[in-house]
Number of protein chains: 4
Amino acid sequence: MAAPGSPQEEDECVSGAQLIAEALKAQNIEYMFGIVGVPVIEVAVAAQASGIKYIGMRNEQAASYAASAIGYLTSRPGVCLVVSGPGLIHALAGMANANMNCWPLIVIGGSSDRNQETMGAFQEFPQVEACRLYSKFTARPSSLEAIPAVIEKAVRASIYGRPGACYVDIPGDFVNQQVKRNSVKYVGCCPAPPISMAEEAAISKAAAIITHSKKPLVIIGKGAAYSRAENSIRKLVDQCGLPFLPTPMGKGVVPDNHPYCVAAARSRALQGADTIILLGARLNWILHFGLPPRFRPDVKIIQVDICAEELGNNVKPVAALLGDIRAVSEQLLDQLNKKLWKYPSDTDWWKDLRAKMQSNDETSKALSLQKRLPMNYYTVFYHIREHLPKDCLLISEGANTMDIGRTMLPNYYPRHRLDAGTFGTMGVGLGFAIAAAMVAKDRNPQQQVVCIEGDSAFGFSGMEVETMCRYNLPVIIIVVNNNGIYSGLDADTWKEMLKLGEPSA
Amino acid sequence: MAAPGSPQEEDECVSGAQLIAEALKAQNIEYMFGIVGVPVIEVAVAAQASGIKYIGMRNEQAASYAASAIGYLTSRPGVCLVVSGPGLIHALAGMANANMNCWPLIVIGGSSDRNQETMGAFQEFPQVEACRLYSKFTARPSSLEAIPAVIEKAVRASIYGRPGACYVDIPGDFVNQQVKRNSVKYVGCCPAPPISMAEEAAISKAAAIITHSKKPLVIIGKGAAYSRAENSIRKLVDQCGLPFLPTPMGKGVVPDNHPYCVAAARSRALQGADTIILLGARLNWILHFGLPPRFRPDVKIIQVDICAEELGNNVKPVAALLGDIRAVSEQLLDQLNKKLWKYPSDTDWWKDLRAKMQSNDETSKALSLQKRLPMNYYTVFYHIREHLPKDCLLISEGANTMDIGRTMLPNYYPRHRLDAGTFGTMGVGLGFAIAAAMVAKDRNPQQQVVCIEGDSAFGFSGMEVETMCRYNLPVIIIVVNNNGIYSGLDADTWKEMLKLGEPSA
Amino acid sequence: MAAPGSPQEEDECVSGAQLIAEALKAQNIEYMFGIVGVPVIEVAVAAQASGIKYIGMRNEQAASYAASAIGYLTSRPGVCLVVSGPGLIHALAGMANANMNCWPLIVIGGSSDRNQETMGAFQEFPQVEACRLYSKFTARPSSLEAIPAVIEKAVRASIYGRPGACYVDIPGDFVNQQVKRNSVKYVGCCPAPPISMAEEAAISKAAAIITHSKKPLVIIGKGAAYSRAENSIRKLVDQCGLPFLPTPMGKGVVPDNHPYCVAAARSRALQGADTIILLGARLNWILHFGLPPRFRPDVKIIQVDICAEELGNNVKPVAALLGDIRAVSEQLLDQLNKKLWKYPSDTDWWKDLRAKMQSNDETSKALSLQKRLPMNYYTVFYHIREHLPKDCLLISEGANTMDIGRTMLPNYYPRHRLDAGTFGTMGVGLGFAIAAAMVAKDRNPQQQVVCIEGDSAFGFSGMEVETMCRYNLPVIIIVVNNNGIYSGLDADTWKEMLKLGEPSA
Amino acid sequence: MAAPGSPQEEDECVSGAQLIAEALKAQNIEYMFGIVGVPVIEVAVAAQASGIKYIGMRNEQAASYAASAIGYLTSRPGVCLVVSGPGLIHALAGMANANMNCWPLIVIGGSSDRNQETMGAFQEFPQVEACRLYSKFTARPSSLEAIPAVIEKAVRASIYGRPGACYVDIPGDFVNQQVKRNSVKYVGCCPAPPISMAEEAAISKAAAIITHSKKPLVIIGKGAAYSRAENSIRKLVDQCGLPFLPTPMGKGVVPDNHPYCVAAARSRALQGADTIILLGARLNWILHFGLPPRFRPDVKIIQVDICAEELGNNVKPVAALLGDIRAVSEQLLDQLNKKLWKYPSDTDWWKDLRAKMQSNDETSKALSLQKRLPMNYYTVFYHIREHLPKDCLLISEGANTMDIGRTMLPNYYPRHRLDAGTFGTMGVGLGFAIAAAMVAKDRNPQQQVVCIEGDSAFGFSGMEVETMCRYNLPVIIIVVNNNGIYSGLDADTWKEMLKLGEPSA
């Protein structure tokens, strides 16, 4: 058989399904999640045959969440394969989540046969249009011949610039249609994203501000994790002696047990810092928009981001460093090293932070050691923590479960935590765990995947336990059952609802 | 306390949550399905307090499917209540399904606080815009004062004309905001939809064609079921002696065991009919677009529909009767009665149909009685049938499970069958069953709800078994396990996949 | 040559352009307006060759306005033919205006060659999606073979139900592509819209309310004009002695000089009526939403509309009559005639209205006779009025020019007035005039077309004077020059702007 | 009076209109184009009062084109101010054009009063949603207080990253509403866009490829012009002896009469080059997608772009340099200078190009000197050229007029040519000329603005001659009248149309 892309026979034919599979493989796609059915069954079969790992899930919603995690974990997008109409609509959830998290994702949706369009075809829907709000790029190849180029463009768009979701629509009649190989426009694998750096003037300015700061703080976002900036950021923190704070999925870029980590004094750190080096984190709700009263009104933000339009959102930075987080971190590090500058470890700022950290640690420890029923969250996590391997991949969702778990369970490695993320999405848990387990199986078979769920959160994707079993994926799921679907419900409201005599939840 | 809508005190205040609940109650909304969380908890609490039955589900997807069934069963829309961002996106599935089925549905979505818009608020998303493709009407009230009017308009739009889904967006800051009662613009309950009839000339023309037909056929769609046309259509069939064929959810408008039902000779009936009276059914994929080879090229279609734009889709009707299905059926009946016309029971057409029915019945009976393992579908349904009460409400989804089940399991009453419907939606099963059980509990506590699911179909919403248990809903679920997520997969493909050594599904 | 639709030779081929032209002709399309260019030149040529009148305009914006008026004047939509990208975007204006006015319109847009899609093709744009917000139906035929069916569906959707705009997208490569005639799916001309009527119970209820009313008022909207209801409404007014008020484009359904016309006491009539028969008019901004203080809070609205969803907007009607305006007017007339009911001509209501009309007439006459410079609007229209033929077709836009002109210039025939309409669109003038002149030329060559424009309004489409000259269209244009682009600007603001030393307008 | 942004009195109030004007002024907005009317009159008045130059146009379409040119000419976006509904829809044209050209633009649209939304308000339309396809950012401030922040975000988004259009929606009731100054969230002027550079490794790789090339070619796009890269690119060309080719609006970055300009051998240069340095130009239809037969199949593209997602479109580059065009050009120049490399001037490639240029020049000169009627295009432009000042700002549109004019009329300075651009937009001419004249008046009063239009192109915006007169703008307009609205029409088609007896155009 001729190698894809190098046909030997003029007359050799290839089906649409085969072309899709080959095109994905040519783009180094490794994982595909989905639910098959008319018209995409043959696409899954061809993908498997070409060496892509296909995981059949129970609901496209969970499949789309699973696929979205792949890109974050591996730098190459996962694929979510869905049927027409409802199948695609179920998968919008994962596209939205990926796009908000700035994670690459490819969704491939079968659609109605073209010759039945406008006639009320089976599951007919304007799918390309439906994906517009949730994606960076959404298109239907105009012919079988165009499939490889459109898939390359989708993969490239998903990882170049700020990553995000892309959609490729495949009319049902494409799947089994045949075309001669030599009429197909093959394209090679798109390279890793181009790297850009900040201009020297901006770096100098930033360095000058940092070296004059009294109360500096580094904030590490999941953009830093995505860009594989861990080595340079760790050096930056180490060599310059800077206190740092990770965002939820920024945890582990520098280990949580690093002495300069001030996560245990998060509020104090945010409120007190006079200068913040913001590395791949957005000043959105997670960081209280960078505004008072959670931040000083005169805080100087040195903002490092891959997306120009992000620079200046909500707060005007004193220095706006546009570029790849890893590359710019290195630029900053070089510049500060040239100055032989290090933030002293005996400043009032450090003393204040350390005191607050100690006090907070004591409070949480006291809570952890409480012996009463029902157990409080701190006790739960205190005991879980003791059994977690350092390199396990932690998935977490739920309200209190996720929030308190984040403070109690340390991460030691980058990209080892997956949670509800920027979009605060409930329902990602088991899909994420399946994706993580697949990646672990291939790259680090000893690695454990641990999924810690609130009971309400678990309900969104609990059926995917079956998928885990079917594929024999060694995921540990811990459900923290606070017996409440209403996670945010205060006790009084709850009582009031119970008085109504009907189970509210 | 003052009655809603008739405030006694000028200074009395009311919260947004309260206004929403009162407005829904004023529109005779009875059921609300959803998942609470920030910012809609108080809306659910207020709805419960006002007497609306709130059912807390496990996933907004299933909640939206549940709510969509309410409108079909009760003529008044159910409400799906969801949180912002991902919560709403999960519920698009039910909106799409309702809209395609022409069923009324109200989705109410919390959204970000307005003063954080454009800043990266928690779960910020353009929700009104996101619902455009899935709804007849989508809007955000501009103030608390406008809530009752917008909700009335949404409810009205959902049931007037061709029914469909509507969306109302509620900014988070509305929920607990207070406003004086006397500034609120209250509106009364919108009346039942106005009824329109076909013009007399069209009725006369239709009647003339029917009375001259050699091979007439009545096709009964779920539009006929929705419009409560069962009495007039039954009389039409009875008094005129017409063979009839129900669409999947048109089953039961006239009982399946009626002697004039030719469902057992479906293909023959469609192919042979020279004149078709199409009552609230669309010539879409379910009816093979009304085109050859499944229909005669010269078939005369008398098309009855509530939606003018539907008339003439795919086939040009000889008579286009625009109006309410019930009203127009009565017009037709009156006209045919005046002519004292009845289709003879001894025509070749009847003979042909009866012969084909008998032969098909024998085949399916033979299959039913096969004794081998694994059981075939016919055997399964043969035994199930014996235990189903005549008035049970049947829910069904899956590929073969639904298709063969439809032919094997009779319906005796209208609106007693819920399935994947026009949009072919997988995942509706348990949501539909929960809705049906809630309605049965209130209206006919003896009625059983039976949910027959393919094993793949079950996986979409299987977690909602917990919801059924929590609310103590007596639903019987039968999973027909063909051990295949790939329902449409032929054996050879399957074998090929297995050869790949990895579990494909 | 074989007649379109009845090919004689199996091998005869036909181009996409030819198919479009034939399909439009088969749907009785008479007029096409547009600007040609790549890729639609051949479409215009083929349309001309097939007997469709093609008018080459100067800007697609004006072309789209022209085409939108055709449907209102002739009951069959005009076509606007545009090139890709900017050409289509310019034409969105006419689609929006048609859709808001509930007028049928077909826009046909060329688009990029399909094999260059996603590559940055010439004027590549998602055109089908771009038309969504402005249309009832928007689609691209999936092949040349599907062109006739999609065009029939577009034409049908544009005139069935509530009329509106539809869009058909034609990829550039379709235009000259050839296909065998016998592979094309030909469809016949879609019939005139099906007529629906109100149910008898609603008619009886309405009649009972009318006969008990003390201060009745008939409001005649442009929906009544569109439905050709003039004869039945005139009889209703005459035989029942009812005062009536036309909306701007409802003028002429019953002549403005009819003794029962109370337009000269418009505000009084609206404020005083206890019962309103609303015939094809919406309770939107033009009718002050039907709300106090412009209407009585207890006014009883008998609402007659072709669109179910319109019934109940803003005010809950006492009777909602769903159906064709002409048909329902006849139903009402029959019912009232059976009751031998006539509203007395000597009631206080009539006295009040007549007194107010006389007083208003005197005021406007006094203004008309003022002799000073600059002339006031009343004087202008007073003199214009004397020279207008009774059957001329009046086009009017501008702020004061349109508003005062409406009260001063009578209409004697239905559909003889075109103005800014429901959407308040500035820029429609010359396009409307060109459309009107084309229709007049064919149907009533003696009829004059008179276009009365504010000077600001004229500026939007003034270049189309050249089009009028090129086609030798005898349009009379009167520009009422108040030297202001800021039509709504009060004198003080104006002075303030002038003080700034720069010409503001 | 207190300075904007520094209120002295707690109780001082400010209107929405005033806030908009101040916010625009604070963002260094200089020019506003529009048509006033309800509800934006006061916005224009306030803008004028605050020192922004307001130009009242005749059609929002032309106003939006005018405003879009400002950003390209001045690096700070122009504003287009429009009324609700049709006004905004007319302005979508300019948004589309700006977005496709990657030019910054701010459109501010009045919209309906919020308390009438969903009721059928005057010109009610979902305007924020309507702008989605045409913009980078589209939003409505949620309150008066939020206006400055939303306007800053819009301006920032329009110029950061790849520039484009942004939309800000202003409900009518905001305009005259008052708010206390000290409740407003003021934000300062957003700084010039952050500059990013390519990583060193990519620069080195690119330099190595260039120095090994046999047939190099520099292509200069309008992105290079936008980024003010003229000095570095001129040095690159000069010091390295590289042949270069400008795209239409890339003309003048290096003067057209530079000895290394090979525009006169455009096709030969594209077809022959083995290595192309692509500076701010896209491989779209204008550059034949970078594909054979217009390019060598093995051509090595060194692609320099500010937009990561652009890199790799249609052709896989050998080096992808992500960053600001000016900055990256300097990086390249530095690197090549370090290598002391210069492309020899006596290569076969140069000989081939020079021979082709000479031959083409002779052909065009011969055409220019033809003396016959009607004059050919070359003769026309030959004579125009003699009278054009070197530093005039040329605007051009039309088909042949623009295409041949581009080759015949040289540009000597960057950003001195404006034409139909990436989107091939007809109708931009007079709007662009007005914008250019306003900018010239302020920055270089001696500069002439010359607008060369095909007669069809002129028709789109010809009415704006009145605007030019009203503002006394010294624009020279030359209409090249080929008597054809059908610019692309070949002679035979034309004759065929004339035979039909009706003026076709």
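Per an unreviewed UniProt entry, the recorded name for chain A is 2-hydroxyacyl-CoA lyase, and the organism is Pogona vitticeps. As recorded by UniProt, the Cofactor (unreviewed entry) comment attached to chain A reads in full: "thiamine diphosphate". Regarding chain A, the UniProt comment filed under Sequence similarities (unreviewed entry) reads as follows: "Belongs to the TPP enzyme family."

**Q** Help me out: how do you make sense of the nonpolar core in this one?
**A** The tendency in soluble globular proteins is for nonpolar side chains to be buried as a group. Counting residues in each nonpolar core, the largest one holds 706 residues, and the members touching the most others are Ala436(A), Ala436(B), Ala436(C) and Ala436(D). In contact with Ala436(A), other than residues within four places in its own chain, are Ala69(A), Leu73(A), Leu393(A), Ile395(A), Leu418(A) and Val449(A).

**Q** For this particular structure, what's the right way to read helix α15 (residues 400-408) of chain D?
**A** For an α-helix, 3.6 residues make a turn, and residues three or four places apart therefore share a direction. Looking only at α15(D), the buried set comprises Thr401(D), Met402(D), Gly405(D) and Arg406(D). For α15(D), the arc enclosing every buried residue in end-on projection is 125°, short of the 170-degree limit, so these residues lie on one face.

**Q** I keep staring at the sheet that holds strand β11 (residues 244-246) of chain D and nothing clicks. Help me out?
**A** Each strand in a sheet pairs with its neighbour through backbone hydrogen bonds, running either in the same direction (parallel) or in the opposite one (antiparallel). All names here are of chain D. Here we have 5 strands laid out as an open sheet, ordered β11-β10-β12-β13-β14, and parallel in their pairing. Looking at the sheet topology across the chains shown, the edges are occupied by β11 and β14 (319-322). Here the average twist between neighbouring strands, direction ignored, is 15°. The pairing of strand β10 (residues 216-220) with strand β12 (residues 275-279) spans 5 bridges and is classified as parallel. Across the sheet, Val218 pairs through a bridge with Ile277, a residue of β12. Where helix α8 (residues 200-211) meets the sheet, it contacts β10, β12, β13 (300-305) and β14, and its direction lies at approximately 135° from that of β14.

**Q** Any chance you could explain the domain arrangement of chain A here in plain terms?
**A** You'll often see interface size given as the accessible area lost when the parts meet. What the domain assignment lists for chain A is domain 1 (13-183), domain 2 (200-339) and domain 3 (370-499). Partitioned by chemical class, the residues of the side of domain 2 of chain A that touches domain 3 of chain A number 6 nonpolar, 3 polar and 3 charged.

**Q** Can you walk me through the pairing of strand β17 (residues 449-454) of chain C in this structure?
**A** All names here are of chain C. Burial of β17 is extensive: 6 of the 6 residues sit out of reach of the surface. Residues Val449, Cys451 and Glu453 point to one face of β17 and Val450, Ile452 and Gly454 to the other, with burial holding for every one of them. In this structure, strand β15 (residues 393-397) lies alongside β17, joined through 5 bridges in parallel fashion. If you follow Glu397 over to β17, its bridge partner there is Glu453. Note that β17 and strand β18 (residues 475-480) share 6 bridges and pair parallel.

Rules and cut-offs
Residues numbered from 1 in each chain as written. Chains lettered and ligands numbered in written order. Predicted model: local features only at pLDDT ≥ 70, side-chain atom pairs only at ≥ 80, totals over all residues. UniProt positions renumbered as here; feature names shortened; annotations may be inferred. Core = buried A, V, L, I, M, F, W, Y, C linked by C-beta atoms within 7 Å. Buried ≥ 20, exposed ≤ 12 C-beta atoms within 10 Å, placed from the backbone. Contact = placed C-beta atoms within 7 Å. Helix = DSSP H or I, 4+ residues; strand = E, 2+ residues; numbered from the N terminus. Arc of directions from axis to C-beta. Pairing = 2+ DSSP bridges. Axes fitted to C-alpha atoms, helices over the stretch in contact; angles between N-to-C directions. Domains from an automatic or database assignment. Nonpolar A, V, L, I, M, F, W, Y, C, P; charged D, E, K, R; others polar.

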